[in-house]
Amino acid sequence: MGKDSKHDDPEYNARSVALRLLARREHSRQELSLKLRQRKLEQPVIELVLDEYEQEGWLDDHRFAEVYSRQRIDAGYGPIRIMSELQQRGVHFLPDCVAEKTDAEWVRAAAELREKRFGLNRLSDDLSEKLRQARFLARRGFSSAQVERALKIDNAEQLWGGDEV
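Residues numbered from 1 in each chain as written. Predicted model: local features only at pLDDT ≥ 70, side-chain atom pairs only at ≥ 80, totals over all residues. Heavy atoms only, no water.

1. Side note on the overall build of the protein
Where we set the bar: Only DSSP runs of H or I with at least four residues qualify as helices, and only runs of E with at least two residues qualify as strands; both kinds are numbered from the N terminus onward. For the exposure calls, accessible area comes from a 1.4 Å probe over protein chains only, and a residue counts as buried if that area is under 20% of its type's maximum, exposed if over 50%, partly exposed in between. Note on contacts: a residue pair qualifies if any of its non-hydrogen atoms lie within 4.5 Å across the two residues. Each accessible area is a Shrake-Rupley estimate made with a 1.4 Å probe; only the visible protein chains count as cover when residues are assessed.
Counting secondary structure elements, the protein contains 11 helices and zero strands. When the helices and strands of the protein are placed in sequence order, the string is α-α-α-α-α-α-α-α-α-α-α. Of all 165 residues assigned to the protein, the portion counted as buried reaches 41%. Intrachain contacts of the protein at a sequence separation of at least 6 include 61% that bridge at least 24 residues. A total accessible area of about 10000 Å² is found for the protein, and carbon and sulfur atoms account for 48% of it.

2. A short note on the side chain of arginine 29
Looking at the secondary structure, you find arginine 29 in helix 3 (residues 29–38). Relative accessible area serves as the criterion here: at 16%, arginine 29 is assigned to the buried category. Look past the residues within four positions of arginine 29 in its chain and what remains in contact with it is Glu47, Leu50, Asp51, Glu54, Leu59 and Asp61.

3. Examining the packing of aromatic side chains
Stated formally: Any Phe, Tyr or Trp ring, taking Trp's six-membered ring, that has another such ring centre within 6.5 Å forms a pair; planes under 30 degrees apart are called stacked, those over 60 apart edge-to-face, and the others tilted. Whether a charge sits over a ring comes down to the Lys NZ or Arg CZ being within 6 Å of the ring centre and within 35 degrees of the ring normal.
Going through the model one piece at a time under the given rule, you end up with four aromatic pairs. Between tryptophan 106 and phenylalanine 142, the aromatic rings sit 6.4 Å apart at their centres with planes inclined by 65 degrees, giving edge-to-face as the arrangement. Of the two residues, tryptophan 106 is situated in helix 8 (residues 103–118) and phenylalanine 142 in the loop between helix 9 (127–139) and helix 10 (144–152); the sequence distance between them amounts to 36 residues. For the residue pair tryptophan 106 and phenylalanine 142, the accessibility class agrees, reading buried in each case. If you follow lysine 101 out to its NZ or CZ, it ends over the ring of tryptophan 106, 5.0 Å from the centre. Taking the ring centre of tyrosine 77 as reference, the NZ or CZ of arginine 140 above it sits at 4.4 Å.

4. Let's talk about the confidence of the model for the protein
Selection criterion: A score between 0 and 100, pLDDT records how confident the predictor is in each residue.
Here the protein shows a mean pLDDT of 91. Residues at 70 or above account for 90%. Across the protein, helix 6 (residues 79–88) holds the top mean pLDDT of 98, while helix 1 (residues 3–8) sits lowest at 60.

In structure tokens, the structure reads:
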């Protein structure tokens, strides 16, 4: 088989493109399927290649969800936002790294993000600032209860102390 005949084979092209994409980073099945469709590959060929790559262990939605979730947690995003982003990428289950975090850990993460962005000033007298910080944390994907508790933390001792947040 000559070099040119490989480039005419849609299955070869699908395998090649999918492998290059997976070599760069993890992808969900839905993401990879979309990227292959954007390259004008036929759906039956895409499904065949993706099924094969799942059997080989090269494509795994559970692994993708774990890696993606950990990256988003490290970037300061909350559980609501992470789950929404995963669902947009075709993942409809809760990864272990998200499920295992307690509510107190999410509150602490929100408070750490607040400290980094705004400082831990007492907000009881400044309603507009409190609302601004609450909107920021809500956009980052923390629940209203988590945001409320994070806004009550006004010193590093509360944040880093051994007390339950």
